[in-house]
Amino acid sequence: QVQLVESGGGLVQAGGSLTLSCAASGITFGRLRMGWFRQAPGKEREFVALIGWNGGSRYYADSVKGRFTISRDNAKNTVYLQMNSLKPEDTSVYYCAAGLQVYSDYNDARRYDFWGQGTQVTVSS
């Protein structure tokens, strides 16, 4: 049974930083493309970042480019999202997602096979 467990969310002031972690179990982590999505109340789930199976490919939403960094440690079965210069509009529930296949439309949530339960990030102004 595949499990993705996020941690690291919390309350931070604007301009601050947080690092989210997502630990995977039940599957060979190195097979997975790992992504982060977020969903604010009343809004659709939106793509944040993706990292390829070996970390060589990384993609970001325009809204977070230059502020967020996705990374992975295959030895620890964990993917990270380092978030700097946080803004109030970054406030959301952040979800870790894992995909087995390679798709060009990697920003489509339907392209992912497994999801974590989410972790709340709140940025105060």
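For the structure given in this document, a descriptive report is provided here. In this numbering scheme, every chain counts its residues from 1 along its sequence in written order. Owing to the predicted nature of the model, reporting of local features is limited to residues with pLDDT of at least 70; listing and counting of side-chain atom pairs is limited to 80 or more, with chain, interface and lining totals taken over all residues. Processing note: side-chain calculations cover all non-hydrogen atoms of the structure and skip hydrogens and water entirely.

### Examining the overall build of the protein chain
Argument step 1. Counting its secondary structure elements, the protein chain contains zero helices and 11 strands.
Argument step 2. Secondary structure of the protein chain in N-to-C order comes out as β-β-β-β-β-β-β-β-β-β-β.
Argument step 3. Its C-alpha radius of gyration of 13 Å places the protein chain within 12% of the 14 Å reference for a compact globule of 125 residues.
Argument step 4. Along the three orthogonal principal directions, the C-alpha set of the protein chain runs to about 40 × 25 × 25 Å.
Argument step 5. Whether a residue is buried, partly exposed or exposed follows from its accessible area with a 1.4 Å probe, protein chains only, as a fraction of its type maximum: under 20%, in between, or over 50%, in that order. Across the 125 residues in the protein chain, those meeting the buried criterion constitute 43%.
Argument step 6. Residues are treated as being in contact if the distance between any of their heavy atoms lies within 4.5 Å. Expressed as a percentage of contacts within the protein chain between residues at least 6 apart in sequence, the contacts between residues at least 24 apart total 58%.
Argument step 7. By element, 45% of the accessible surface of the protein chain is carried by carbon and sulfur atoms, the whole surface being about 6400 Å².
Argument step 8. Only four residue types enter the tally: Lys and Arg on the positive side, Asp and Glu on the negative side, with His and both chain ends excluded. Every charge is mapped onto a representative atom, which is NZ of Lys, CZ of Arg, CG of Asp or CD of Glu. Taking the average place of the 13 positive charges on the side chains of the protein chain and the average place of its 10 negative ones, the gap between the two points comes to 4 Å. What counts as a helix is a DSSP run of H or I of at least four residues, what counts as a strand is a run of E of at least two, and both are numbered from the N terminus. With the radius of gyration taken over C-alpha atoms, the globule rule is written as 2.2 Å times the number of residues to the power 0.38. Methods summary: accessible areas were calculated by the Shrake-Rupley approach with a probe of 1.4 Å, and residue burial reflects only the protein chains presented.

### Things to note about the state of the cysteines
Argument step 1. Any two cysteine sulfur atoms within 2.5 Å of one another count as a disulfide. All told, the structure shown has one disulfide when counted by the stated rule.
Argument step 2. Disulfide pairing places cysteine 22 opposite cysteine 96 at an S-S distance of 2.1 Å. Here the disulfide of cysteine 22 and cysteine 96 is left-handed, its torsion about the S-S bond being about -75 degrees. Of the two residues, cysteine 22 sits in strand S3 (residues 18-25) while cysteine 96 sits in strand S9 (residues 92-99), which places them 74 residues apart along the sequence.
Argument step 3. Judged by relative accessible area, which is 0%, cysteine 22 ranks as buried.
Argument step 4. Residue classification places cysteine 96 among the buried positions, given a relative accessible area of 0%.

### Let's talk about the nonpolar core
Argument step 1. Take the buried Ala, Val, Leu, Ile, Met, Phe, Trp, Tyr and Cys residues and link them wherever side-chain atoms come within 4.5 Å; each set so joined is a nonpolar core. Counting residues in each nonpolar core, the largest one holds 33 residues, and the members touching the most others are Met34, Trp36, Val79, Leu81, Met83 and Tyr94.
Argument step 2. Elements that contribute at least two residues to this core include exactly S3, strand S4 (33-39), strand S5 (46-51), strand S7 (68-73), strand S8 (78-83), S9 and strand S11 (119-124).
Argument step 3. By residue number, the principal contributor to this core is S5, which donates five residues.
Argument step 4. Beyond its immediate stretch of four places on either side in the chain, methionine 34 contacts Leu4, Cys22, Phe29, Ala49, Leu50, Ile51, Ile70, Arg72, Val79, Cys96, Ala97 and Ala98.

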